[in-house]
Amino acid sequence: MTEATLAPSLEQLDIRFPGAVSADTRPGYSGYIVAPDRLTAFAQGLRDDLGYDYLSSVTAVDYFPDARMEVVYHAYRTQGGPAVVFKVQVPRDEPQVDSLVPIYPGADFQEREAWDLFGIHFRGHPDLRRILMWEGFAGHPMRKDWHEAYFEEDNKPYKNRWPEGKVYRIEDKVPFGHNVSYPPSFTPEGWVPETDAALYAGLSRVPEGEGGNGHAMGTDQLVVNLGPQHPSTHGVFRMVVTLDGETIVDLKPVMGYLHRNHEKIGERNTFLMNMPFTDRLDYFCSMGNNFGYALAVEKLMGIRPPERAEYIRVIMAELTRIVNHMSAIGFLLNDLGAFFTPLIYAFGERELILDIFEAVSGSRIMCNYFRFGGLARDLPEGIQQKIHDLVFERLPRQVEEINTFLTENEIVRNRCIGVGVLPRERAIALSAAGPVLRASGVAYDVRRAEPYSIYDRFEFDVPTRPNGDIYDRYLIRIEEMRQSLRILQQAVRDLPAGEIQTGKAQYQVRVPAGESYGRVENPKGELGFYVISTGKPNPWRYHVRAPSFINLTSLGTMSKGYKVADVVSTLGSVDIVLGEVDR
Amino acid sequence: MYGIGILKGLGVTLKHFVATYVDDLRWFLDRISGRSGGRYFNDKSMAVRQGAKARGVFTVQYPEEKLPTPEEFRFLPFLVYEVDEQGHAHDRCTSCGICAKVCPPQCIWIERSNDPATGRPVPEPVEFYIDVDICMNCGLCAEYCPFDAIKMDHVFELATFDRMNHHIFNKERLSRPVSYYASIRPTNYAREEEARAAKEAAKAAKAETA
């Protein structure tokens, strides 16, 4: 490894930031603890002097009943290499941290999430509102002492299920029954929902008298809500835009309509129980989600799956990428107005891959196929041949067919070229990931930058495109499918025989205390799982760094200055799944 | 020239369009010549139509036609019982509770009972409930059951008119004979029986030497 890819040592950091940084010496932990009052200076130095230009993940941990909370940052270099993990500890009763948005604009939504779910106040954040819960929600649900409406016990398995299983319907515990606590002085009957006043007030407008478009005709500024119920938003997602004529002046995404507090559920669950729940994040790529979570927990357990399992994992993950990119392209064309023909062609290929998923895992979409140290089961009879036929014959042909079908199409080119541009520097600063980042000219792919599993054995390219517009984000997906097929062909060719599970498959795994961050290059971008174990059967902290969610941070930048009709295709080119955005 | 790209794209749609009729015609000729049962309502053609060599229309005429379910397909668990020579049913389940403990959404309730004479737990459960509204079909219960007593079913058409009263399945509703299990998952069944036979042989051999 060269100097540039090595993480800075504590001594180096101590010279640069005297007295501000100490090593995190808790057993199983790594990284640095930064003094709260030096955080901004530290981050500034990390970005400008040490080259850690990409802030991947920001999250918080509640160490209740200890009176402290922790904000955890993962920063990377876009040239590749391991993370610098740094943490800030704050008192639990008055948690305040300086916002890193001025240095890393990509922290925007993630800090809002930490404020929403943990109640950590980020000083200097430009728009610190709730993001997943609604304005007026009482409490901060990820705090350990916050209990949900159907609260039974802190941790599963619940004791009343066995051996005295007296069944009841969960629904009978109605939310307005005794199982709900209201904040003092709250009366449900007299409740008037808070308006979106703060949201609308935060939108920027063209100043009076500067009629933005330069036409002789005066234009009105409008605030328009796109969604949440709209076919173009790929689910329940809302964009609030201010328009000057037809031009976008500002855009703010509003999300959380599909929020179910995945992370809270994850902390009630045991480690294994989370595996099927990860399927429900990005439900186009459940195999990829399984992969990330399995890696995070395996890192903590210090085990690795056997060779055969590694190969099968890669095969499944790359097939998932093809599934996702096929659908992403299909939906993008839908958003452009090419109703369903491209989508149905793409879905035809997707179905064939889903047949394989169904045969190996038992389910087409909610695969739940990975286990810690291996896989749920080996490939059934005949499936290897099926995969072989697909990746050597059919899929290469079909990817090229999609390419012939759409790439040169003049309407596609007119609508996409030069629209929704995200420049290279903004893409890095806004922590965009995956195809969005690579379409802006950054050759950053976790499979290359910090190879996991057995990706270092395969030959493949990390494609990039120079312009960062919708067309490039479309082309990058076509190219990534080609590269996936290259990996698949190598993996299928080399697939060894042997075991698929390290050790005995257990329903209660022993996970040593510590923290780990497992990240994979999911089709939509970098998917990370930040897991903290205390040695008990349930994770203490389970955080998902969701690529769809963080890629939306740059949606405003991409849309400003373009027409309202382009917002729909810009969103389509980002490729979001609301299961993952809202978690 | 402007428009070439659009024409190329239309060429692709035309290809798909023509392929559909060519494929139909091919299967039709096969049928009238008696070589196969035609394109639709025919298991053999289904494998081709949904395989790597598929051509033409990809859709399946559900519910008249259905995609074959692979053996590992999972939808809602069921309980396996054995039938002895006298025709009595015996649950394989020993109410050990592992499925209830591993269940991610906690939709399994098991009522174990004690023998009134000895006070010891009786192996077979008194009641076994699964709230199918909560079940997420993950299959972990079947995967980790040490007695092969709970397995995932293949039946997925379970719409009812009343969700309030019919969606908690009890033991009676959940139980299926071993023969049913063997019919939907033949290779799994064969593998488990082999393992069981080997285990029992080893036990017998051990008893003999002791």
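Please read all numbers here as calculations on a predicted model, not as lab measurements.

**Q** Tell me about the overall build of chain B, and name the residues and values.
**A** Each helix and strand in chain B was counted, giving eight helices and seven strands. For 210 residues, the compact-globule formula gives about 17 Å, and the C-alpha radius of gyration of chain B, at 25 Å, lies well above that figure. On the principal axes, the C-alpha backbone points of chain B span a range of 90 × 45 × 35 Å. Within the span of chain B, comprising 210 residues, buried residues form 39% of the whole. Once local pairs closer than 6 in sequence are excluded, the contacts in chain B between residues at least 24 apart make up 61%. Counting only carbon and sulfur atoms, one obtains 60% of the accessible surface of chain B, whose full area is about 12,300 Å². Here chain B holds 27 positive side-chain charges and 29 negative ones, and the gap between their average locations is 9 Å.

**Q** If you had to explain the interface of chain B and chain A to someone new, which residues and values would you point to?
**A** Opposite the 51 residues of chain B that make contact, chain A presents 56 residues. With both sides pooled, the region where chain B packs onto chain A buries about 4,700 Å², and carbon together with sulfur makes up 58% of that total. Per-residue buried area on chain B facing chain A is highest for Arg74(B), Gln106(B) and Trp109(B); these three make up 14% of the total on that side. For the salt bridge of Arg377(A) with Glu72(B), the shortest nitrogen-to-oxygen distance reads 3.2 Å. One can count 25 residue pairs in polar contact (both at pLDDT 80 or more) joining chain B with chain A. At the level of elements, helix H1 (4-32), helix H3 (98-102), strand S3 (108-114), strand S4 (121-131), helix H4 (140-144) and helix H5 (163-166) of chain B are the ones that each hand at least two residues to the side of chain B that touches chain A. Residues of the side of chain B that touches chain A, tallied by class, amount to 29 nonpolar, 10 polar and 12 charged.

**Q** Which residues make up the pairing of S3(B), and what are the values?
**A** Pairing of S3(B) with S4(B) involves six bridges; the strand directions are antiparallel. Its bridge partner being in S4(B), Ile110(B) is matched across the sheet by Phe128(B).

**Q** Which residues make up the packing of aromatic side chains, and what values do they have?
**A** For the coordinates displayed, the defined rule picks out 29 aromatic pairs over all chains. Between Tyr73(A) and Phe86(A), the ring centres sit 4.9 Å apart and the planes meet at 10°, which makes this aromatic pair stacked. Placement of Tyr73(A) in strand S4 (residues 68-76) and of Phe86(A) in strand S5 (residues 84-91) is noted, with a sequence separation of 13 residues between them. Residue classification places Phe86(A) among the buried positions, given a relative accessible area of 0%. Ring geometry for Phe73(B) versus Phe156(B): centroids 5.9 Å apart, planes at 80°, classification edge-to-face. Of the two residues, Phe73(B) sits in the loop between helix H2 (43-49) and strand S1 (77-83) while Phe156(B) sits in the loop between strand S5 (150-152) and H5, which places them 83 residues apart along the sequence. When its relative accessible area of 10% is taken as the criterion, Phe73(B) is described as buried. Using a relative accessible area of 33% as the deciding quantity, one classes Phe156(B) as partly exposed. Within the aromatic cluster, the residues linked to one another by ring pairs are Phe291(A), Tyr311(A), Tyr369(A), Phe370(A), Tyr452(A), Tyr455(A), Phe458(A) and Phe460(A).

**Q** Let's hear about the environment of Pro125(B): which residues, and what values?
**A** Residues and elements named next belong to chain B. Positionally, proline 125 belongs in strand S4. Sequence separation of proline 125 and alanine 202 is 77 residues, and the distance between their C-alpha atoms is 29 Å. When neighbours within four sequence positions are excluded, proline 125 is seen to be in contact with Asp91, Cys93, Ser95, Ile110, Glu111 and Lys171.

**Q** Quick rundown of the pattern of salt bridges? Include the residues and the values.
**A** Residue and element names in this part refer to chain A. All told, the structure shown has 68 salt bridges over all chains when counted by the stated rule. Here arginine 486 ties to aspartate 461 by a salt bridge, and the two come within 3.1 Å at their closest N and O atoms. Placement of the pair is arginine 486 in helix H15 (residues 470-494) and aspartate 461 in the loop between helix H14 (446-449) and H15, with a sequence separation of 25 residues. Assessed through its relative accessible area of 28%, arginine 486 is described here as partly exposed. As a salt-bridge pair, arginine 482 and glutamate 479 come within 2.8 Å of each other at their nearest N and O atoms. Of this pair, arginine 482 and glutamate 479 are both found in helix H15, three residues apart, which corresponds to roughly one turn of the helix. Here the salt bridges share partners, and the residues they tie into one network are Asp24, Arg26, Asp66, Arg68, Glu70, Lys87 and Glu515.

**Q** Got a sec to walk through the confidence of the model for chain B? Specific residues and values, please.
**A** Per-residue pLDDT for chain B has a mean of 87; in total, 100% of the residues score no lower than 70. Reported for the predicted complex are a pTM of 0.89 and an ipTM of 0.90.

**Q** Run through the sheet that holds strand S17 (residues 539-545) of chain A, naming residues and quoting values.
**A** All names here are of chain A. Spatial strand order, S15-S16-S17: three strands in an open sheet with antiparallel pairing. Of all strands in the sheet, those bounded by a partner on one side alone are strand S15 (514-522) and S17. The mean angle between the axes of side-by-side strands here comes to 10°, regardless of whether they run parallel or antiparallel. One ladder, built from six bridges, connects strand S16 (residues 525-533) with S17; its direction is antiparallel. Its bridge partner being in S17, serine 533 is matched across the sheet by proline 539. Strands in contact with helix H7 (residues 286-301) are S15, S16 and S17; relative to S15, the strand with the most contacts, it is inclined by about 150°.

**Q** How would you summarise the nonpolar core if you had to cite specific residues and measurements?
**A** Membership of the largest hydrophobic core comes to 177 residues, with the highest contact counts inside it found for Tyr73(A), Phe86(A), Met316(A) and Tyr369(A). Ranked by the residues each element gives to this core, the list is headed by helix H8 (residues 307-336) of chain A, at 15 residues. Each residue touching Met316(A), except ones within four places of it in the same chain, is listed here: Met287(A), Ile356(A), Phe357(A), Val360(A), Tyr369(A), Phe370(A), Leu379(A) and Ile387(A). In terms of nonpolar packing, the next biggest core, distinct from the first, is built from 21 residues, Cys103(B), Ile130(B), Cys141(B) and Ala142(B) among them.

**Q** How would you explain the side chain of Asp62(A) if you had to name every residue and give the values?
**A** Residues and elements named next belong to chain A. Its location among the elements puts aspartate 62 in strand S3 (residues 54-62). A distance of 3.0 Å separates a polar atom in the side chain of aspartate 62 from the backbone nitrogen of phenylalanine 64. A polar contact of 2.8 Å, which involves the side chain of aspartate 62, links it to the backbone nitrogen of lysine 144. Aside from chain neighbours lying at most four places away, what touches aspartate 62 is Arg68, Met69, Arg92, Phe118, Arg143, Lys144 and Trp540.

Analysis parameters
Residues numbered from 1 in each chain as written. Chains lettered and ligands numbered in written order. Predicted model: local features only at pLDDT ≥ 70, side-chain atom pairs only at ≥ 80, totals over all residues. Heavy atoms only, no water. Helix = DSSP H or I, 4+ residues; strand = E, 2+ residues; numbered from the N terminus. Rg over C-alpha atoms; globule rule 2.2 N^0.38 Å. Buried < 20%, exposed > 50% of the residue type's maximum accessible area, 1.4 Å probe, protein only. Contact = heavy atoms within 4.5 Å. Areas by Shrake-Rupley, 256 points an atom, 1.4 Å probe, with all protein chains shown as cover. Lys, Arg positive; Asp, Glu negative; His and termini not counted. Charge placed at Lys NZ, Arg CZ, Asp CG, Glu CD. Buried area = accessible area lost by both parts, 1.4 Å probe. Salt bridge = Lys/Arg side-chain N within 4 Å of Asp/Glu carboxyl O. Polar contact = N/O pair within 3.5 Å; in protein donor to acceptor, adjacent residues only side chain to side chain. Nonpolar A, V, L, I, M, F, W, Y, C, P; charged D, E, K, R; others polar. Pairing = 2+ DSSP bridges. Phe/Tyr/Trp six-rings, centres within 6.5 Å; stacked < 30°, edge-to-face > 60°. pLDDT = per-residue confidence, 0-100. Axes fitted to C-alpha atoms, helices over the stretch in contact; angles between N-to-C directions. Core = buried A, V, L, I, M, F, W, Y, C linked by side-chain atoms within 4.5 Å.

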